Amino acid sequence: MAASELQARQNYIYLANCAQKHALFNLQAYFEAEADSEQEHYYKLRDFANDTGWELETSAVEEPDLEDESVKGILAYVEAFEVQLLKDYDRFYPKASPTTQAFLVKMLKIQTKGAGEAMDNVRLWETCNGIPALFDQNFKK
Ligand SMILES: [Fe+2]
């Protein structure tokens, strides 16, 4: 999961660049904030590892492999990796110790929200009828 959180951070940094290329500057800022959040998730895992007597590895991240860099493609890519990470946490939970499960409940709440937002954004794009400027307004701070 730690590797996936770091990969998600890397993905969002790249996706922010893609959003900038589409002139979706609010979406760009949203993705940049998401990248920061993913790093915080990694730190939560790191701190839990440290508190329970082990050290988290820092794995290499891969270049995001995005075949479709349209807005729809970007949003589908986010949905896919956020939902996959939720499934990974779900799968790991039953195998974990009670202490780890108590910690994982917090991570599952965070990841459920992340996956839910990603799915919402796919629907939001459809609701905006593919009008980039209209879609981007939804990410204004
Ligand atoms: Fe995360």
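Scroll up for the structure.
Residues numbered from 1 in each chain as written. Predicted model: local features only at pLDDT ≥ 70, side-chain atom pairs only at ≥ 80, totals over all residues.

Would you take a moment to explain the nonpolar core for this structure?
Inside soluble globular proteins, nonpolar side chains tend to come together where they are buried. Counting residues in each nonpolar core, the largest one holds 24 residues, and the members touching the most others are L15, A19, F31, V71, I74 and V78. Those elements that provide at least two residues to this core are α1 (2–21), α2 (25–51), α3 (71–92) and α4 (98–127). Counting residues per element, this core draws most heavily on α3, at eight residues. Excluding residues that lie within four positions of it along the chain, F31 makes contacts with Y12, L15, A16 and A19. (Core = buried A, V, L, I, M, F, W, Y, C linked by C-beta atoms within 7 Å. Buried ≥ 20, exposed ≤ 12 C-beta atoms within 10 Å, placed from the backbone. Helix = DSSP H or I, 4+ residues; strand = E, 2+ residues; numbered from the N terminus. Contact = placed C-beta atoms within 7 Å.)

Even after reading the chapter, I still don't get the packing of α3 against α4, so can you show me in this structure?
Relative placement of two packed helices is described by the angle separating their axes and the distance separating the axes. Contact geometry for α3 and α4: axes closest at 9 Å, N-to-C directions at 160°. By the angle between their directions, the pair α3 and α4 is classed as roughly antiparallel. Note on packing geometry: the crossing formed by α3 with α4 is left-handed. Along the contact surface, α3 presents V71, K72, L75, A76, V78, E79, E82, V83, L85, L86 and Y89, while α4 presents L104, M107, L108, Q111, T112, G114, A115, A118, M119, N121, V122 and W125. (Axes fitted to C-alpha atoms, helices over the stretch in contact; angles between N-to-C directions. Parallel < 35°, antiparallel > 145°, perpendicular 65-115°, else oblique. Left-handed = near helix turned anticlockwise from the far one by under 90°.)

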